[in-house]
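# Inside the fold
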Amino acid sequence: MTLITAATARLVDIEVEKVRTDAMQSFLKQETIVVTIETADGLTGRGYSYTIGTGGRATLSMLNEHLLAVLVGEDSRLVEHLWRRLYDSTRATSVGVITALALAAVDTALWDIRAQRAAQPLWMIAGGNRRDVPLYDTEGGWLHVSVDELVEEARASASRGWKGVKIKVGKPSIAEDASRIAAVRDAVGPNIEIMVDANQSMTSAEAVRRAHAFEPFDLSWFEEPLPADDVTGHVRLAQSTSIPIAVGESMYSLGHFREYLERGAAGIVQVDVARIGGITPWLKVAHLAEAFNVQVSPHFLMELHVSLAAAIPNGRFVEHIPQLRAVTDSEIRIEDGHALAPMTPGLGIDWNLDALDDRTVA
Ligand code: MG
C-alpha cells in the first residue's frame, strides 16, 4: 500500500516578486521544478527545487529521462534508501548542481508523503525543536537599492519586530559599502542584527580588507565573501576577522560542509534544501553543524526552510524572501519577529494547482 504508483515532474516559471540584484547576478525568475509522487494508499506528495533563471530544463530532463522511472514500484517509506539509490544511479554527474536539484525535488515529495502518513507537520517529524524561528529580512537590502531606500526598508523591518536585516555588499569601493552599512546601523540602533552578503564576489585579499572595514558595525555575519571552492581563503579570512563567516548556499554535498567545519571556515551554515539534494541530506548537514557548535540559517526558500529550521536545535534564523505567493494559497505566519512553521501534516505548503498549471512551461 505504500508503494509508489506514479512519479511525474514539471517545470514552473514563477515571476520574481521584486527586482533582486547582488554583486554577481540578478534573480530572473524562479524556475521551479515540481515533482508529484503518488502511492498505492492514495497519498500524493509534492516536492520542489528551484533555480534563479538557468538550468531548470536540464534538471527536468534529469528527472524525466533518468530518475523518476526508478521510483515507481518502490516503497515510499524508504526515503534514505531511495535517495542513495538515485544518487548512485547518477554517479557520473554527482556531486553536481543539476543532480542535487533533481534529487531535492524527489526527496521533498517523499518527505511530504512521510509527514502526511504520520499525520504530522514536517517540523515535528523532522526533529521537532520549536515552532517559531527568528526572522531576518533580505528583501530590502539588494545591491541596486539606494541608501535612502535601504534605510527605509531596515526601519520598516525593525518596526515590524523583525530581528535582523541583510545588506548586499560588493560595491566598487569599500567606502560605499561601509557607508551603506553605517547608515543602516545608525537607523536601526544596536539591537537589530545586521548581516552582509558578497555572493562570492571577492578575492581573498579584498575580503580580508573589507571585513576589517566592516568590523565597527557589529555584523552578525559576512556571507559568501569568496568563491565557494576556495576553502583555504575562507580559513584565512575567518582567522583574520571577528565577524562570523557564513557559507552554504553554494555547497552541494555533506563532505563539502564537513571540510569547511573541520577547518574552522564556517561560523554560520546556510545549507539550502534544494541545492544539497533534499531534506534527507539537509538534516545531516544541520546535525553535523551542531557537532561543531555552529548554527544554521538556511538560504532562501523560507516556505520550506521555516519547517526545517524549526526541526533542529541549532536553527538560528529564517530568511525573509517571499517567492511562492503566486502559486500557493498559504503564506507563512509571522508573529513577533518570528516565522511560524505550519502545523498541517506534510510540508505545509498549500499549492494552488491552477496557478501552477498556468505557469507550467515544460
Ligand atoms: Mg547569500
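Residues numbered from 1 in each chain as written. Predicted model: local features only at pLDDT ≥ 70, side-chain atom pairs only at ≥ 80, totals over all residues. Heavy atoms only, no water.

What follows concerns the packing of aromatic side chains. In the structure shown here, the tally under the stated rule is eight aromatic pairs. Ring plane angle 75 degrees and centroid distance 5.7 Å describe the contact between Phe 27 and Phe 300, whose orientation is recorded as edge-to-face. Taken together, the positions of Phe 27 in the loop between strand E1 (4-15) and strand E2 (29-39) and Phe 300 in the loop between strand E10 (295-296) and helix H11 (302-311) put the pair 273 residues apart, joining distant regions of the chain. Both residues of the pair, Phe 27 and Phe 300, count as buried. Where Trp 83 meets Tyr 87, the ring centres are 5.1 Å apart and the plane angle is 15 degrees; that geometry is what we call stacked. Placement of the pair is Trp 83 and Tyr 87 together in helix H2 (residues 79-89), with a separation of four residues, close to one helical turn. The exposure class assigned to Trp 83 is buried, which follows from its relative accessible area of 11%. (Phe/Tyr/Trp six-rings, centres within 6.5 Å; stacked < 30°, edge-to-face > 60°. Helix = DSSP H or I, 4+ residues; strand = E, 2+ residues; numbered from the N terminus. Buried < 20%, exposed > 50% of the residue type's maximum accessible area, 1.4 Å probe, protein only.)

For the rest of this paragraph, the subject is the pairing of strand E3 (residues 44-51). Of all eight residues in E3, seven are buried; the element is thus mostly enclosed. Sheet topology note: the E2/E3 ladder contains eight bridges and is antiparallel. Note on E3: the bridge partner recorded for Ile 33 is Ser 49. The hairpin turn running from E2 into E3, its antiparallel successor, is four residues long, and Gly 42 in that turn takes a positive phi close to 90 degrees. (Pairing = 2+ DSSP bridges.)

Looking at the protein, the domain boundaries give domain 1 (4-119 + 353-359) and domain 2 (123-340). Centre-to-centre, using C-alpha coordinates, domain 1 lies 24 Å away from domain 2. Taken together, the contact between domain 1 and domain 2 spans 35 residues of the former and 40 residues of the latter. Across the interface of domain 1 and domain 2, roughly 3,100 Å² is buried in total on both sides, 64% from carbon and sulfur atoms. Applying the counting criterion to the domain 1 and domain 2 interface returns four salt bridges. Lys 18 is the partner of Glu 153 in a salt bridge, and the nearest nitrogen-oxygen pair spans 3.4 Å. Viewed at the interface, domain 2 and domain 1 are joined by 20 residue pairs in polar contact (both at pLDDT 80 or more). Looking at the side of domain 1 that touches domain 2 element by element, the count peaks at ten residues for helix H3 (residues 97-117). (Domains from an automatic or database assignment. Contact = heavy atoms within 4.5 Å. Buried area = accessible area lost by both parts, 1.4 Å probe. Salt bridge = Lys/Arg side-chain N within 4 Å of Asp/Glu carboxyl O. Polar contact = N/O pair within 3.5 Å; in protein donor to acceptor, adjacent residues only side chain to side chain.)

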